[in-house]
Amino acid sequence: MHARALGPERLRDAVADAAGATNDKNLLCAEIQFVHLPAILFLHCLTSLEIGASLVNPAVHDSFSEYSMSDSRQFSRSVAGLIVLVTGAAGGMGRATARVFAAEGAKVAVTDFSAEGAQAVAAEIVAKGEAAKAWTLDVANRDDVNAVVNDIAAHFGGLDIVVNNAGISVRVAIDDDGYDEAWAKGLAVMLTAHPRVIRAALPYLRKSKCPRIVNIASTEALGATALHSPYSAAKAGVVGLTRSLAVELGRDGITVNCICPGPISTGMTARISDEHKAIYARRRTALGRYGDPEEVAHMTLSLCLPAASFLTGAIIPVDGGLMARNA
C-alpha cells in the first residue's frame, strides 16, 4: 500500500509515533517526505525510530546514537532556590514535607486551614535559618485559593512546585443521616481543591524551569476500608486526576505524580492505640510497622527533583508493602 492510501490523519499519527515528533512544522515536512517514499521503505520507517526521527529532523540522525549511548548528561538533584507550596502543612505529612524541602534549600509556602499551625511550622523552619512563610488557606474556598496562590507567587517571585496534601478524616456509614454533608466536605477538601490549586498555580508553573505537581492520595484509592466511602472516593478521584493532568500538562514540561501513603503515624491515626497499630502493621504490611511522615515527604521530594524530569503520571504507594502483601 502506498503512503497516500493511509490518509493525512493516519499518516500524521504514524509519523509522530515513529519519530516522536511534537512540532507541527516538523510533522508537515515529514508527511511530505513520506508521501513520496516507496511503500516498503515507508513501512520500514514506521518500525525504526532512528530512521523516522531522521526524516523529521536530519540533525537527529547524526546525534541519535550519541545521545542514547551517552552517559555525560548531568541532572540536578537539588531543589535549592525552588519555590514550593504545600497545603495542609500544619501537621503530619504536610509539616514533614515543608521541613524536608526547606532543609534542602527550597523556599516553602506553608499553608493550612489552621493559621496558628501554619505559623508554628514556618517559625520552626525560619529558626533553622531556612526560608518559609505561612499563609492561612481554606482549600475548599475558591476565592481563598486564588488569592493565596497569587500572594505566594508575588512574595517569593514565582512558583515551581505544588504539593496538594491537605486532607481530613471522614468516617461515616452510607446510611448515616449526615452522609451527604460528610460526602460534600470530604470531596471539597480532598478532591475539588486539587484542581483549584493547580489552576491558580498554572500560570507560574508554566514559567518555571522545574515545574512539579505532587498530589497526595492514599492506599484507600487502591483498596478500601468500611465506613470510608467519601474518603476513598475522593482519593480515587485524585489518582484519576493525576493521570489525566499528567497527559494534559506534559507538553508544558509539567510533571504530575501521585503518592498513596499507607499506614502513617499522623494526627489522623493518633486516635488508634499503639497496640492496634502494631497488630495491623504486622498483619497487613511487609515491613511490619507504621511509616513516619518524613518517609512520605522524602518520596515527595524525590518526585520534585530537577532530575525527575521524565517521571509523570505515576501512582506510587508509600505503604511499607501493604498493597504488595494484600494484592
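Residues numbered from 1 in each chain as written. Predicted model: local features only at pLDDT ≥ 70, side-chain atom pairs only at ≥ 80, totals over all residues. Heavy atoms only, no water.

J.: Got a minute to help me understand the overall build of the protein in this structure?
T.: The helix and strand tally for the protein stands at 13 helices and seven strands. When each of the 327 residues of the protein is scored for burial, the buried share is 44%. About 16,700 Å² of surface is accessible on the protein, with carbon and sulfur atoms providing 54% of the total. (Helix = DSSP H or I, 4+ residues; strand = E, 2+ residues; numbered from the N terminus. Buried < 20%, exposed > 50% of the residue type's maximum accessible area, 1.4 Å probe, protein only. Areas by Shrake-Rupley, 256 points an atom, 1.4 Å probe, with all protein chains shown as cover.)

J.: Please explain the sheet that holds strand β1 (residues 83-86) as it appears in this structure.
T.: Through backbone hydrogen bonds, the strands of a sheet pair up, either in parallel or in antiparallel fashion. Strand order in the open sheet formed by seven strands is β3-β2-β1-β4-β5-β6-β7, and the pairing between neighbours is parallel. Single-partner strands in this sheet number two, and they are β3 (132-136) and β7 (315-318). Direction aside, the axes of adjacent strands within the sheet are offset by 20° on average. With four bridges connecting them, strand β6 (residues 255-261) and β7 associate as parallel partners. Residue pairing in the sheet places Cys 258 in a bridge with Ile 315 of β7. Packing of helix α7 (residues 115-127) onto the sheet brings it into contact with β2 (107-112) and β3, and relative to β3 it is tilted by some 180°. Relative to β6, helix α10 (residues 229-249) is tilted by about 160°, and along the sheet it contacts β5 (212-216), β6 and β7. (Pairing = 2+ DSSP bridges. Axes fitted to C-alpha atoms, helices over the stretch in contact; angles between N-to-C directions. Contact = heavy atoms within 4.5 Å.)

J.: Got a minute to help me understand the side chain of Glu 220 in this structure?
T.: In this structure, Glu 220 sits in the loop between β5 and α10. For the buried Glu 220, no salt bridge exists, and the shortest N-O distance to an oppositely charged side chain is 7.2 Å, to Arg 284. A polar side-chain atom of Glu 220 sits 2.5 Å from a polar atom in the side chain of Thr 225. Leave out the neighbours within four places in its chain, and Glu 220 touches Thr 225, His 228, Tyr 231 and Ser 232. (Lys, Arg positive; Asp, Glu negative; His and termini not counted. Salt bridge = Lys/Arg side-chain N within 4 Å of Asp/Glu carboxyl O. Polar contact = N/O pair within 3.5 Å; in protein donor to acceptor, adjacent residues only side chain to side chain.)

J.: What is the right way to read the pattern of salt bridges from this model?
T.: Oppositely charged side chains are able to pair whenever their charged atoms sit close together. Per the counting criterion, the structure on display carries four salt bridges. Taking the shortest distance from any N to any O, the salt bridge between Glu 124 and Arg 95 comes out at 3.2 Å. With Glu 124 in helix α7 and Arg 95 in helix α6 (residues 92-103), this pair connects stretches of sequence that are 29 residues apart. What makes Glu 124 partly exposed here is its relative accessible area of 28%. With its nearest N and O atoms 2.9 Å apart, the salt bridge here joins Glu 124 to Arg 99. Taken together, the residues span a long stretch of sequence, with Glu 124 in helix α7 and Arg 99 in helix α6 at a distance of 25 residues. Residues participating in the shared-partner salt-bridge network are Arg 95, Arg 99 and Glu 124.

J.: Can you help me understand unusual backbone geometry in this one?
T.: What you tend to see is this: most non-glycine residues have negative phi, and most peptide bonds are trans. Positioned with a positive phi, Leu 227 is a non-glycine residue whose angle comes to about 75°. Tracing the backbone through its elements, the reader meets Leu 227 in the loop between β5 and α10. Classification of Leu 227 as partly exposed rests on a relative accessible area of 37%.

J.: Looking at this model, I keep getting lost on the confidence of the model for the protein. Mind explaining?
T.: Taken residue by residue, the protein gives an average pLDDT of 86. The fraction at 70 or more is 78%. Segment residues 27-43 is flagged for pLDDT under 50; beyond a separation of four residues in sequence, or across chains, it makes 30 contacts in the model. Scored below 50 in pLDDT, residues 45-56 shows 32 contacts in the model against residues more than four places distant or in partner chains. (pLDDT = per-residue confidence, 0-100.)

J.: How do you make sense of helix α8 (residues 142-156) when you look at a structure like this?
T.: Along an α-helix, residues three or four apart share an orientation, since each turn contains 3.6 residues. Over its 15 residues, α8 extends 22 Å from the first C-alpha to the last, a length consistent with the 21 Å expected when each residue adds 1.5 Å. Among the residues of α8, those classed as buried are Val 145, Val 148, Val 149, Ile 152, Ala 153 and Phe 156. All buried residues of α8 lie within an arc of 135° about the axis, which places them on one face of the element. When the buried face of α8 is taken as reference, the exposed residues oriented beyond 90 degrees from it are Asp 143 and Ala 154. In this fold, the buried residues of α8 make contact with β1, β2, β3 and α9 (179-205). (Expected span 1.5 Å × (residues − 1). Arc of directions from axis to C-beta.)

J.: When you look at α6 in this model, what are you seeing that I'm missing?
T.: With 12 residues, α6 should cover 16 Å at 1.5 Å per step; its first-to-last C-alpha distance of 17 Å lies within 8% of that length. Those residues of α6 that fall on the buried side of the exposure criterion are Met 93, Gly 94, Ala 96, Thr 97, Ala 98, Val 100, Phe 101 and Ala 102. Phi turns positive one or two residues past the end of α6, at Gly 105, with a value near 95°.

J.: Can you walk me through the packing of α8 against α9 in this structure?
T.: How two helices pack is summed up by the angle between their axes together with the distance between the axes. At a minimum axis distance of 9 Å, the contact between α8 and α9 shows a crossing angle of 30°. With respect to each other, α8 and α9 are oriented roughly parallel. In terms of crossing hand, the pair formed by α8 and α9 is right-handed. Residues Arg 142, Val 145, Asn 146, Val 149, Asn 150 and Ala 153 of α8 form the contact with α9, whose participating residues are Arg 196, Val 197, Ala 200, Ala 201 and Tyr 204. The residue makeup of the contact of α8 with α9, split by class, is seven nonpolar, two polar and two charged. (Parallel < 35°, antiparallel > 145°, perpendicular 65-115°, else oblique. Left-handed = near helix turned anticlockwise from the far one by under 90°. Nonpolar A, V, L, I, M, F, W, Y, C, P; charged D, E, K, R; others polar.)

J.: Looking at this structure, how should I read the side chain of Thr 269?
T.: Mapped onto the elements, Thr 269 comes out in the loop between β6 and α11 (274-284). Taking relative accessible area as the criterion, Thr 269 reaches 15% and is therefore assigned buried. At 2.8 Å, the side chain of Thr 269 and the backbone oxygen of Ile 264 are in polar contact. Among the polar contacts made by the side chain of Thr 269, one reaches the main-chain amide nitrogen of Thr 266 at a distance of 3.0 Å. Contacts of Thr 269, omitting those with residues within four sequence positions, involve Ile 264, Lys 277 and Tyr 290.

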